[in-house]
Amino acid sequence: MKVSEFRKLIREEIRRVLREDIRVTKKNGDVLEIDIRVTKKNGDVLEIDIVVDDVKVGNVDMESWDDGKTYTISGSNIDEKFRGEGLYGIALLQVLDEYPNISIYSAFRSPEADRAWTALMQKLGNKYSIEQIKQDRQLVYVLTKNK
């Protein structure tokens, strides 16, 4: 076996294990195996694809405007049939697990975003923190991983 083939095999196994670790049980009892794929571009953009059963069902894009440690969500979308399953929050927490020294800011407000952040706050546990701050008379959520 060539070294490149071996490396590919290892990467695939790592992805398989990660997928097995991220599971969501839907209200009807079905289990979704989720793969969060994070691509870092130029040090200031994170592109997150949310993949279920090898099909992309959503994405979250973030940009860092200054220090590379503060990222603002610049866009997100979840396929309508997968909304309400917690995928947005799972994606954000996976990003923090991969990049534990960053802070994620969300200034965009919509009914869907408010529901997602409210649900995330209720399920957070003690591994992560959400702070609500006022910035330019606007509510901003700041998500971080506790040290």
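An account of the accompanying structure is given in this report.

Basis of the calculations
Residues numbered from 1 in each chain as written. Predicted model: local features only at pLDDT ≥ 70, side-chain atom pairs only at ≥ 80, totals over all residues. Heavy atoms only, no water. Phe/Tyr/Trp six-rings, centres within 6.5 Å; stacked < 30°, edge-to-face > 60°. Helix = DSSP H or I, 4+ residues; strand = E, 2+ residues; numbered from the N terminus. Buried < 20%, exposed > 50% of the residue type's maximum accessible area, 1.4 Å probe, protein only. Core = buried A, V, L, I, M, F, W, Y, C linked by side-chain atoms within 4.5 Å. Contact = heavy atoms within 4.5 Å. 1 Å grid on protein atoms, 1.4 Å probe; cavity = no way out; pocket = protein on both sides within 12 Å on 5 of 7 lines; lining within 4 Å. Points joined across faces, edges and corners; volume = space filled by probe spheres on them.

1. Here we look at the packing of aromatic side chains
Here's step 1: Within this structure, the stated rule accounts for 2 aromatic pairs.
Here's step 2: Geometrically, the ring pair formed by Y88 and W117 is edge-to-face, given 6.4 Å between the ring centres and 75° between the ring planes. Residue Y88 is located in helix α2 (residues 87-98), and its partner W117 is located in helix α3 (residues 111-123); the two are separated by 29 residues in the primary sequence.
Here's step 3: Ring centres 5.0 Å apart and planes at 0° place the aromatic pair W117 and Y141 in the stacked group. Placement of the pair is W117 in helix α3 and Y141 in strand β8 (residues 138-145), with a sequence separation of 24 residues. Here W117 matches Y141 in class, with each residue buried.
Here's step 4: Linked through ring pairs, Y88, W117 and Y141 together constitute an aromatic cluster.

2. As for the nonpolar core
For soluble globular proteins, nonpolar side chains are generally found buried alongside one another.
Here's step 1: Formed by 31 residues in total, the largest nonpolar core has its most connected members in M62, L92 and L143.
Here's step 2: Contributing elements (two or more residues each) for this core: β2 (31-41), β3 (45-52), β4 (55-64), β5 (70-78), α2, α3, β7 (128-135) and β8.
Here's step 3: The leading source of residues in this core is α2, at 7 residues.
Here's step 4: The residues contacting M62, other than those within four sequence positions of it, are D44, V45, L46, I48, Y71, T72, I73, S74, L92, V95 and I104.

3. Some details on the layout of surface pockets
Here's step 1: Taken as a whole, the largest pocket spans an internal volume of roughly 770 Å³.
Here's step 2: Along the wall of the largest pocket there are 27 residues; nearest its centre are I78, Y88, E112, R115 and A116.
Here's step 3: Elements with a minimum of two residues in the lining of the largest pocket: β5, α2 and α3.
Here's step 4: Element by element, the count of residues in the lining of the largest pocket is highest for α3, at 7 residues.

Taken by themselves, the reported measurements are silent on function.
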